[in-house]
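# Geometric and topological summary
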Amino acid sequence: MPVEKGQIATGLMGHERARRTGMREAAVRTVVEQFLTLIQEELTKKSRVVIVNFGTFERKIWRQKPVYDFLSKTTRKIDLPFIRFTPSRTMDHAVHVQAS
């Protein structure tokens, strides 16, 4: 999947962190990928993951929506899960101060 303007790929993030910390890029990339995997795993177990001074990831369910099943030619209702991120006040403030 191509990276759009304003986005950062985990590989580039690893490169930048390695440059700033003096650690090997492969080690940094592994840590970043393991961290993201941990968030995904925790969201499958719980509906909320809070990272202090960063933000909160929440798994929410939209109300049931009717979906047409082409195989059985019937309509049934399914839950539509989604993940929402809410930045912490610290993160929100830091982003707004740097942007202005």
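All of the points below concern the structure found in this document. Keep in mind it's a predicted model, so treat the numbers as computed, not measured.

The next thing to look at is the nonpolar core. The biggest cluster of nonpolar side chains holds five residues, and these are I39, L43, V49, I51 and F57. Going through the elements one at a time, α2 (25-45) and β1 (48-51) are the ones with two or more residues in this core. Not counting the four nearest positions on each side in its chain, L43 is found in contact with R48, V49, F57, E58, R59 and I83.

Right, let's talk about the environment of L80 for a bit. Mapped onto the fold, L80 is located in strand β3 (residues 74-87). For L80 and K60, which are 20 residues apart along the polypeptide, the C-alpha to C-alpha distance reads 8.4 Å. Setting aside residues up to four positions removed in sequence, L80 forms contacts with K60, I61, W62 and K65.

Enumeration over the complete set of coordinates arrives at five salt bridges. Across the pair K45 and E42 runs a salt bridge, and its minimum N-O distance is 3.5 Å. Note that K45 and E42 are positioned in helix α2 at a spacing of three residues, about one turn of the helix. Looking at K45, the relative accessible area reads 60%, which means it is exposed. Residue class for E42 comes out buried when judged on its relative accessible area of 19%. One continuous salt-bridge network, built from bridges that share partners, spans E42, K45 and K46.

Reading the values: the criteria
Residues numbered from 1 in each chain as written. Predicted model: local features only at pLDDT ≥ 70, side-chain atom pairs only at ≥ 80, totals over all residues. Heavy atoms only, no water. Core = buried A, V, L, I, M, F, W, Y, C linked by side-chain atoms within 4.5 Å. Buried < 20%, exposed > 50% of the residue type's maximum accessible area, 1.4 Å probe, protein only. Helix = DSSP H or I, 4+ residues; strand = E, 2+ residues; numbered from the N terminus. Contact = heavy atoms within 4.5 Å. Salt bridge = Lys/Arg side-chain N within 4 Å of Asp/Glu carboxyl O.

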